[in-house]
Amino acid sequence: MQITKKANDKEKLAMAILAAQIGENGYKEIEKNNLEESVKKEFDDRNVVLLDSNNGSFLAVIDDKLYKIENNNVNEVKADLYINNESDLINFRNEVNSGNSFEGKYIVLTSDIISTSEEWIPIGEYKNDSTIPEDPDNKYFSGIFNGMGHSISNVKIDSTEKVKGLFGLNMGGTITNLSIVDCNIKGGIATGGIAGYNYNGGKIINCKVSGNIEEIGTRMAGGIAGNNIKNSIIENCINLSSVSGPTLIGGITGLQQDNSYINSSCNIGNIVGNDTCGGIVGMSQGSTTLVKNCYNRANVKSTKTSGTINLGGIAGRCDGGIIKNAYSLGNVEYSFNDCVGIIAGSNLSNGNIYNSCYWNTQDELNGVGRTFEATSTTTLLDNKEFNNISSII
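Conventions adopted
- Residues numbered from 1 in each chain as written.
- Predicted model: local features only at pLDDT ≥ 70, side-chain atom pairs only at ≥ 80, totals over all residues.
- Heavy atoms only, no water.
- 1 Å grid on protein atoms, 1.4 Å probe; cavity = no way out; pocket = protein on both sides within 12 Å on 5 of 7 lines; lining within 4 Å.
- Points joined across faces, edges and corners; volume = space filled by probe spheres on them.
- Helix = DSSP H or I, 4+ residues; strand = E, 2+ residues; numbered from the N terminus.
- Nonpolar A, V, L, I, M, F, W, Y, C, P; charged D, E, K, R; others polar.
- Buried < 20%, exposed > 50% of the residue type's maximum accessible area, 1.4 Å probe, protein only.
- Contact = heavy atoms within 4.5 Å.
- Pairing = 2+ DSSP bridges.
- Axes fitted to C-alpha atoms, helices over the stretch in contact; angles between N-to-C directions.
- Expected span 1.5 Å × (residues − 1).
- Polar contact = N/O pair within 3.5 Å; in protein donor to acceptor, adjacent residues only side chain to side chain.
- Phe/Tyr/Trp six-rings, centres within 6.5 Å; stacked < 30°, edge-to-face > 60°.
- Lys NZ or Arg CZ within 6 Å of the ring centre and 35° of its normal.
- Core = buried A, V, L, I, M, F, W, Y, C linked by side-chain atoms within 4.5 Å.
- Parallel < 35°, antiparallel > 145°, perpendicular 65-115°, else oblique.
- Left-handed = near helix turned anticlockwise from the far one by under 90°.

### Quick notes on the layout of surface pockets
Sizing a probe to match a water molecule and rolling it over the atoms shows the empty space that remains. Counted as a void, the largest pocket has a volume near 1400 Å³. Residue lining of the largest pocket: 48 residues in total, with Leu51, Asp52, Ser53, Thr174 and Lys203 positioned closest to the centre. Breaking the lining of the largest pocket down by element, the ones donating at least two residues are α2 (32-43), β3 (48-52), β5 (65-70), β16 (203-215), β19 (233-235) and β23 (261-263). Top element by residues in the lining of the largest pocket is α2. It accounts for 6 residues. Of the residues contributing to the lining of the largest pocket, the split by class is 16 nonpolar, 20 polar and 12 charged.

As structure tokens, then:
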């Protein structure tokens, strides 16, 4: 009897490369989309993170291993640093904040960690007097941090300074497979659970946050990141934390701009703010921003009593971007109705909202509060449709 050898991960990646190259019309160059599709088929339901290096090569994170795909070859990349305990985590943080960005390096978290710091200093320091992320005085992370499904608990920050989170400034780095548990993070502009600033190709993938996040400055707080800007990605993330602050408050991120997107993420934590608040994003701004395959099942509340507000179950404001395949099942709470909707408060500047559904227990509200020179297509679910969706998500 012939015994068939089971392919290992490296061999499966090689088979995925071959499948990605052989399309319906014959051989084709590998692109991230078709390689990602082939990898998903090859690995079934296993958690594989595929990263485009933007130089013709790709990186695949599978469990605790990293593989480099280049010129149709697959090679394992060894971890450059293992973080085994809190002391290792602090040493790693101190090294980043001393100027080592860990660019091109691979860091692996090997166990759950409970933080004992009364005031956690973020990994990647954005100086409070800096006006741009590229300021040479700022320190940032740009490597690959694989949490391996482990958690970091009890992260405490109580500050009025900007850019706070477990990570502060993530500039082009990848943070994946990590949970932040029972955090209590209070910060100034751009405060988030995983990162304050997800910037310049930063990627946050397969992460989860629970606890409390509060922006006590002027703007931008999110359960996952304070903002998501300049070709950055948040994907497959879950927020269970409560998020609050004055304006630009979201379950996933407070502000999204500049060719960035949020994909396949959900919010289950209550959102409270003054203005421009959403279950997924406070404001998604710019024609190349995208929110897709996301849902919110928590309440979004504005505490403002007069003037103007932008309040929605998915986005407070969609300013030129795209929202598609989104669902909101939570309530939107307000004192007065200016721009209030169960999907988005306002949609303007050629924004496009479509294939988005909501369950409306608030008869006075529509899917989108106001549409200005934009396209809004939302669907009100009946009870049967609501039960079908809510049982899935």
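From this point, things continue past the structure.
### As for the environment of Ser335
Mapped onto the fold, Ser335 is located in the loop between β34 (332-333) and β35 (339-341). Accessibility expressed as a relative area gives 52% for Ser335, which makes it exposed. In sequence terms Ser335 and Ile123 are 212 residues apart; their C-alpha atoms lie 39 Å from each other. Not counting chain neighbours up to four residues away, the residues in contact with Ser335 comprise Lys304 and Thr305.

### A closer look at the sheet that holds strand β36 (residues 344-348)
With parallel pairing, 8 strands are arranged side by side in an open sheet as β12-β15-β18-β22-β26-β31-β36-β38. Every other strand in the sheet has two partners, leaving β12 (167-171) and β38 (368-372) as the edge strands with one partner each. Neighbouring strand axes in the sheet, compared pairwise and without regard to direction, differ in orientation by 5° on average. In this structure, strand β15 (residues 195-199) lies alongside strand β18 (residues 225-229), joined through 4 bridges in parallel fashion. Residue Ala195 lies in a different strand from β18, and its bridge partner there is Ala225.

### Remarks on helix α1 (residues 9-21)
With 13 residues, α1 extends 19 Å between its outermost C-alpha atoms, agreeing within 8% with the 18 Å of an ideal straight helix rising 1.5 Å per residue. Of all the residues in α1, the buried ones are Asp9, Lys12, Leu13, Ala16, Ile17, Ala20 and Gln21. You can read the cap of α1 off the contacts: a side-chain oxygen lies 3.2 Å from the backbone nitrogen of Lys10, and it is on Asn8.

### Let's talk about the packing of aromatic side chains
Pairs of aromatic rings are described using the distance from one ring centre to the other and the angle between the two planes. Enumeration according to the criterion identifies 7 aromatic pairs in this entry. When the centroid spacing of 5.3 Å and the interplanar angle of 50° are considered together, the rings of Phe141 and Phe167 count as tilted. Here Phe141, found in the loop between β9 (113-114) and β10 (144-153), pairs with Phe167, found in strand β12; they are 26 residues apart in sequence, far enough to count as distant. Taken together, the aromatic side chains of Phe92, Phe102, Phe141, Phe145 and Phe167 make up a single cluster linked through ring pairs. Its guanidinium or amino end placed over the ring of Phe43, Lys12 lies 5.6 Å from that ring's centre, counting from NZ or CZ. Its guanidinium or amino end placed over the ring of Trp120, Arg93 lies 4.6 Å from that ring's centre, counting from NZ or CZ.

### Digging into the nonpolar core
Where a protein is soluble and globular, its nonpolar side chains tend to be buried together. In terms of nonpolar packing, the biggest core is built from 61 residues, with Phe92, Phe145 and Leu178 touching the most fellow members. No other element matches the 5 residues that strand β13 (residues 174-187) contributes to this core. For Phe92, the contacting residues outside a window of four places in its chain are Leu81, Ile83, Phe102, Ile107, Ile123, Phe141, Phe145 and Phe167. Leu13, Phe43, Leu50 and Ile62 belong to the second largest nonpolar core, which has 14 residues in total.

### Thoughts on the side chain of Ser284
Note that Ser284 resides in strand β26 (residues 281-285). Within the structure, the side chain of Ser284 is placed 3.1 Å from the side chain of Gln256, a separation counted as a polar contact. Side chain to side chain, Ser284 and Thr289 meet in a polar contact 3.1 Å long. The contacts of Ser284, once residues within four sequence positions are left out, are Gln256, Thr289, Leu290, Val291, Arg317, Cys318, Asp319 and Gly321.

### Looking at the packing of α1 against α2
In the contact formed by α1 and α2, the axes pass within 8 Å of each other and the chain directions differ by 135°. Here α1 lies oblique to α2, going by the angle between them. Crossing hand, α1 versus α2: right-handed. For the pair α1 and α2, the contacting residues are Asp9, Lys12, Leu13, Met15, Ala16, Ile17, Ala19 and Ala20 in the first and Asn34, Leu35, Ser38, Val39, Glu42 and Phe43 in the second.

### Points about the environment of Lys304
Tracing the sequence through the fold places Lys304 in the loop between β29 (300-302) and β30 (310-312). For Lys304, a relative accessible area of 21% corresponds to the partly exposed category. Considering only alpha carbons, one finds Lys304 and Ser335, 31 residues apart in sequence, at a separation of 6.9 Å. Here Thr308 takes part through its backbone oxygen, which lies 2.7 Å from a polar atom of the side chain of Lys304.

### Quick word on unusual backbone geometry
Notably, Ala190 is not glycine yet its phi reads approximately 65°, a positive angle. Secondary-structure assignment places Ala190 in the loop between β13 and β14 (191-192). Here the phi dihedral of Asn200 falls at roughly 55°; this positive angle occurs in a residue that is not glycine. Examined against the element boundaries, Asn200 turns out to sit in the loop between β15 and β16. Judged by its relative accessible area of 32%, Asn200 is partly exposed.

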